[in-house]
There are 2 protein chains.
Amino acid sequence: MMRDDMTRVINVDLGDRSYKVKVGSGLVAGAGALVEGLGYRLVVMVTDTNVSALYAGALTESLRSSGVDVFTVEVPAGEQHKTLEVASGLIDEILGHKPPVDRRTLVVALGGGVVGDMAGFLAAIVLRGLNWLQCPTSLLADVDASTGGKTGVDHAAGKNLVGAFHQPLGVMIDVDVLRTLPVAELANGMAECVKHAVIRDAGLLDYIAANADNLMSVSGDQKLGFKEDVMVELIARNVSIKSSVVSEDELETGVRADLNYGHTIGHALEAASDFTGLGHGEAVSLGMVAENRIASCRGLLPSDRAGRVESVLDSLGLPVRRGGYDPEAVWNIMQHDKKMLDGKTRMVLPSDTGSVKIYDDIKEEEVLDAVEFLGKERRA
Amino acid sequence: MMRDDMTRVINVDLGDRSYKVKVGSGLVAGAGALVEGLGYRLVVMVTDTNVSALYAGALTESLRSSGVDVFTVEVPAGEQHKTLEVASGLIDEILGHKPPVDRRTLVVALGGGVVGDMAGFLAAIVLRGLNWLQCPTSLLADVDASTGGKTGVDHAAGKNLVGAFHQPLGVMIDVDVLRTLPVAELANGMAECVKHAVIRDAGLLDYIAANADNLMSVSGDQKLGFKEDVMVELIARNVSIKSSVVSEDELETGVRADLNYGHTIGHALEAASDFTGLGHGEAVSLGMVAENRIASCRGLLPSDRAGRVESVLDSLGLPVRRGGYDPEAVWNIMQHDKKMLDGKTRMVLPSDTGSVKIYDDIKEEEVLDAVEFLGKERRA
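This one's a predicted model, so the numbers in the text were calculated from it and none came from an experiment.

I would appreciate a short explanation of the overall build of chain A in the present structure.
Regarding its fold elements, chain A presents 13 helices and 11 strands. Against the compact-globule benchmark of 21 Å for 380 residues, chain A has a radius of gyration of 21 Å, which places it among compact chains. Across its three principal axes, chain A shows a C-alpha extent of roughly 60 × 45 × 40 Å. Across the 380 residues in chain A, those meeting the buried criterion constitute 57%. Intrachain contacts of chain A at a sequence separation of at least 6 include 76% that bridge at least 24 residues. For chain A, the exposed surface amounts to about 14,800 Å²; the carbon and sulfur share of it is 49%.

Would you take a moment to explain the sheet that holds strand β2 (residues 19–24) of chain A for this structure?
Residue and element names in this part refer to chain A. The seven strands are arranged β1-β2-β9-β6-β5-β3-β4 in an open sheet whose pairing can be described as mixed. This sheet does not close on itself; its edge strands, each paired only once, are β1 (8–12) and β4 (69–75). Neighbour to neighbour, the strand axes of the sheet diverge by 20° on average, direction disregarded. Each of β1, β2 and β9 (170–174) is contacted by helix α8 (residues 228–248), which is oriented at about 10° to β1, the strand it contacts most.

Help me understand the state of the cysteines in this model?
Here a disulfide denotes one covalent bond, and it connects the sulfur atoms of two cysteines. Residue and element names in this part refer to chain B. Summed over the entire model, instances satisfying the criterion amount to zero disulfides over all chains. Looking at C135, it has no disulfide partner, and the nearest cysteine sulfur is the one in C193, 19 Å off. By relative accessible area, which is 3% here, C135 ends up buried.

How should I be thinking about the interface of chain B and chain A in this particular structure?
By a widely used convention, the size of an interface equals the accessible area lost when the partners come together. If you look at the interface, chain B gives 27 residues, while chain A gives 27 residues. Summed over the shared surface of chain B and chain A, the result is zero salt bridges. Taken together, the links from chain B to chain A amount to eight residue pairs in polar contact (both at pLDDT 80 or more). Among the elements of the structure, α3 (84–95), α4 (113–125), β7 (150–155) and β8 (158–165) of chain B are those that each provide at least two residues to the side of chain B that touches chain A. At six residues, the largest contribution of residues to the side of chain B that touches chain A is made by β8 of chain B. Taken together, the residues of the side of chain B that touches chain A sort by class into 14 nonpolar, six polar and seven charged.

Please explain unusual backbone geometry as it appears in this structure.
Glycine aside, residues mostly have negative phi, and peptide bonds are mostly found in the trans state. Cis rather than trans, the peptide bond between K98 of chain A and P99 of chain A has omega equal to -5°. The phi torsion at L127 of chain B lies on the positive side, around 55°, for a residue other than glycine. Residue class for L127 of chain B comes out buried when judged on its relative accessible area of 14%.

Hey, could you run me through the packing of helix α6 (residues 183–200) of chain B against helix α8 (residues 228–248) of chain B in this one?
A pair of packed helices can be characterised by two numbers: the angle between their axes and the separation between those axes. All names here are of chain B. At a closest axis distance of 10 Å, the pairing of α6 and α8 adopts a crossing angle of 55°. One finds that α6 runs oblique with respect to α8. In this structure, α6 crosses over α8, and the sense of that crossing is left-handed. In this structure, α6 uses L186, M190, E192, C193, H196 and R200 to contact α8, whose residues at the interface are M231, L234, N238, I241, K242 and V245. Tallied by class, residues from the contact of α6 with α8 come to seven nonpolar, two polar and three charged.

So what exactly am I meant to see when it comes to the relation of the copies chain B and chain A here?
Copies of the same chain, two in number, are related to each other by a rotation about an axis and a translation along it. Each copy of the sequence occupies a distinct position, and chain B is placed on chain A by a rotation of 180° and an axial shift of 0.0 Å, giving an RMSD of 0.0 Å. Taken together, the turn and the small shift mark the pair as related by a two-fold rotation axis. When the interface residues of chain B are mapped onto chain A, 100% of them again fall at the interface, so both copies present the same face.

When you look at the pairing of strand β6 (residues 131–136) of chain A in this model, what are you seeing that I'm missing?
Each regular strand shows side chains that alternate between the opposite faces of the sheet. All names here are of chain A. Taking burial as the measure, the six residues of β6 include five buried ones, the bulk of the element. Between the parallel pair strand β5 (residues 105–111) and β6, the chain is carried across by helix α4 (residues 113–125), and the sense of this crossover is right-handed. Sheet topology note: the β6/β9 ladder contains two bridges and is parallel. When the bridges of β9 are listed, L133 appears paired with G170.

Teacher, can you tell me more about the sheet that holds strand β1 (residues 8–12) of chain B here?
To summarise the sheet geometry, strands pair through backbone hydrogen bonds and adopt either a parallel or an antiparallel arrangement. Residues and elements named next belong to chain B. The seven strands are arranged β1-β2-β9-β6-β5-β3-β4 in an open sheet whose pairing can be described as mixed. Bordering the open sheet on either side are β1 and β4 (69–75), each of which pairs with just one other strand. Recorded for the sheet is a direction-independent mean angle of 20° between the axes of neighbouring strands. Here five bridges tie β1 to strand β2 (residues 19–24), and the two strands are oriented antiparallel to one another. Each bridged residue has a counterpart across the sheet, and for V9 the counterpart in β2 is K22. Of the strands in this sheet, β3 (42–48) and β4 touch α3, which is tilted by about 160° from β4. Taken strand by strand, α4 contacts β3, β4, β5 (105–111) and β6 (131–136), and its axis lies near 165° from that of β5.

Help me out: how do you make sense of the pattern of salt bridges in this one?
Any two side chains of opposite charge can pair, given that their charged atoms come close. Scanning the model with the defined rule gives 46 salt bridges over all chains in all. The shortest N-O distance in the salt bridge between D258 of chain A and R200 of chain A comes to 3.0 Å. Taken together, the positions of D258 of chain A in the loop between α8 and α9 (263–272) and R200 of chain A in helix α6 (residues 183–200) put the pair 58 residues apart, joining distant regions of the chain. We note a salt bridge from K150 of chain B to E252 of chain B, for which the minimum N-O separation is 2.4 Å. Taken together, the positions of K150 of chain B in strand β7 and E252 of chain B in the loop between α8 and α9 (263–272) put the pair 102 residues apart, joining distant regions of the chain. E252 of chain B gets classed as partly exposed once you look at its relative accessible area, which sits at 28%. Several salt bridges share partner residues, and in doing so they unite R8, D201, E233 and R237 of chain A into one network.

Honestly, helix α12 (residues 327–334) of chain B in this entry has me stumped. Any pointers?
Residues spaced three or four apart along an α-helix point in a common direction, a consequence of the helix completing one turn every 3.6 residues. Residues and elements named next belong to chain B. Buried within α12 are the following residues: P327, V330, W331 and M334. Considered in projection along α12, the buried side chains sweep an arc of 100° and stay on one side of the axis. At its buried positions, α12 is contacted by α9, β10 (347–352) and α13 (364–374). For α12, the N-terminal cap is D326; the gap from its side-chain oxygen to the backbone nitrogen of E328 is 3.1 Å.

Cut-off values and rules
Residues numbered from 1 in each chain as written. Chains lettered and ligands numbered in written order. Predicted model: local features only at pLDDT ≥ 70, side-chain atom pairs only at ≥ 80, totals over all residues. Heavy atoms only, no water. Helix = DSSP H or I, 4+ residues; strand = E, 2+ residues; numbered from the N terminus. Rg over C-alpha atoms; globule rule 2.2 N^0.38 Å. Buried < 20%, exposed > 50% of the residue type's maximum accessible area, 1.4 Å probe, protein only. Contact = heavy atoms within 4.5 Å. Areas by Shrake-Rupley, 256 points an atom, 1.4 Å probe, with all protein chains shown as cover. Pairing = 2+ DSSP bridges. Axes fitted to C-alpha atoms, helices over the stretch in contact; angles between N-to-C directions. Disulfide = S-S within 2.5 Å. Salt bridge = Lys/Arg side-chain N within 4 Å of Asp/Glu carboxyl O. Polar contact = N/O pair within 3.5 Å; in protein donor to acceptor, adjacent residues only side chain to side chain. Nonpolar A, V, L, I, M, F, W, Y, C, P; charged D, E, K, R; others polar. Parallel < 35°, antiparallel > 145°, perpendicular 65-115°, else oblique. Left-handed = near helix turned anticlockwise from the far one by under 90°. Least-squares fit on C-alpha atoms with pLDDT ≥ 70 in both. Right-handed = clockwise from strand over helix to strand, strands pointing away. Arc of directions from axis to C-beta.

By themselves these figures say nothing about function.
Written out as structure tokens, the structure is:
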């Protein structure tokens with residue numbers, strides 16, 4: 001059942017590409033009512049092999065009850081399948097459908113970030129652009145990828161190098177589907193929430209700190225035991241931040257780069273771990289700690305503020321220290337980042353919780369020191 | 001040499017996606033000057049195996065002289081290579097380039113419609129969108145595809161089913177490169193010019209009629225012997241018409257469909273000929289004659305107006321009668337057109353030169369009669 005009293009709606013303001021993000025409980029079951037009356041005849045549901053078994057049935061039933069036909073295509077689960085080759089196979093499936101897809105076809109993405117990126121890309125290029133609706137199923141997708149219209153696939157030369165900006169018609173975030181999320185996946189999303197707090201909203205950091213237990217608890221049946229209203233509030237606040245950044249800078253030519261906080265070193269740590277040993281959220285957590293270290297050494301960020309961020313990350317089960325990285329190797333990886341401009345390493349550094357600035361004068365010795373810092377013992 | 005006195009500039013008004021179309025002589029040699037100062041480091045030139053041998057050298061030299069590096073990728077010549085598979089191979093080439101492509105990379109399309117569609121699609125999806133410049137090399141691309149931002153590739157299920165709307169940074173139409181165009185290719189473009197005249201501009205039909213000899217002459221060395229100023233004027237007038245239609249309806253939800261005049265039956269004739277026996281321009285020419293027949297039978301179009309259009313097409317070497325088509329087969333093909341809506345056959349019919357309207361009540365018997373009409377003798 002959809003409980004309207006808890007549902008939050010955030011408007012993503014992008015002129016004639018504006019749309020709404022709904023956050024609440026029971027939304028999947030209510031999707032049919034949402035789509036009804038919009039004139040669609042056919043839904044192409046894009047999901048992955050994991051999510052399909054859990055939630056595709058309920059969503060399909062809800063959509064069919066509103067009179068649209070539903071046709072499902074599945075991406076094999078896992079980032080390694082987010083490729084142009086897989087996209088091409090899905091396009092063959094979609095364009096081979098009888099009756100043929102047309103302007104009255106809606107693409108619906110049901111899944112995490114990989115599914116959202118792939119479904120959005122398919123929607124962007126099939127028939128030169130179809131409308132699409134996102135139903136993210138991971139906290140990371142809820143608070144990050146679901147808002148902003150970035151779609152695409154990876155390439156041998158790098159992640160997300162082929163794609164399009166294609167804003168969805170709407171986003172439907174149902175916290176119920178998070179119950180079955182592995183706790184490590186929840187932590188991935190939490191790292192992005194802390195990131196949003198540091199770049200834009202000190203109050204959000206306080207909220208996360210005060211509610212860490214309500215958010216990260218696991219119930220007896222291994223399902224996540226978060227408090228529903230707290231999760232809805234957390235997601236809604238994060239979507240608002242992401243939405244305001246994206247509204248200001250849709251195509252990432254300016255402030256949208258603030259969202260890279262924690263990611264410059266974080267990505268390099270991920271790459272140094274060959275994208276296997278370290279989860280994305282763990283990498284971003286360590287990345288924020290390392291980048292805060294640079295900000296502190298520059299006299300930008302008071303050490304009590306840096307310490308506070310570490311405490312919150314720690315309370316969410318995210319790592320704040322990890323040894324074993326070769327600082328030189330991490331630096332070298334950073335030199336091949338697509339965020340580099342004119343051979344300069346750019347980094348988003350905070351001067352306070354909620355206040356960041358982009359610096360393009362980051363020196364090798366600062367990065368080496370920051371990576372070494374990650375290997376040192378933390379004084380709590 | 002660029003001769004500024006003859007150069008015409010048409011503004012395509014699309015808000016923050018507006019751009020200019022330059023039409024003149026000597027523009028390829030002046031391309032470097034055009035790009036200079038825009039901040040690009042690298043040009044990815046997309047061309048085809050035919051055009052490459054003729055004009056890629058001059059364009060490359062001009063661009064390099066302005067300080068940008070140029071890297072060329074080639075599409076095999078011919079519509080059969082306008083596929084996602086070929087696009088994927090070109091993406092591998094582009095993303096494999098060292099130093100890597102980045103925001104300061106400009107895609108330049110040098111070629112006809114296939115090259116423009118492919119290059120624009122690559123520009124649309126590499127790094128989620130790069131800027132691109134079009135240098136069309138056929139009259140058809142000059143007056144049609146170069147304006148409007150439709151990009152994409154064909155699919156087994158139909159033409160242009162995968163793609164994006166991605167407006168270029170600018171279009172540079174150099175009439176010099178038309179000298180080496182096969183005369184049949186010139187006729188393809190002329191059919192679209194007549195189409196533009198019928199849907200929007202009676203004066204343009206007069207201009208074409210008065211200048212048919214100046215436009216279609218072939219000189220001793222088998223090169224086209226058109227008068228330069230007449231060709232520039234013709235192209236500029238056609239780009240203006242296309243531009244005003246596109247400005248009014250960028251994503252083809254309304255009046256842009258007027259551009260389908262002659263194409264509903266024309267496409268079906270092409271398909272009935274298996275896309276081999278009949279050139280696109282020939283098909284459009286016959287399509288206009290057949291659709292005019294329907295308009296005349298409905299009492300919409302006076303027969304002297306229809307006769308005038310036929311005379312102009314004939315003077316351009318385009319066919320106005322052709323027998324041998326099975327009317328039923330043509331009708332059946334039309335039932336699978338992607339322009340169909342709710343199972344209704346839509347058609348753009350003129351009531352006068354320069355005045356058309358879309359009808360969605362086209363009956364089978366009207367189409368059968370019109371195709372039969374094509375097989376009858378013309379009374380001049």
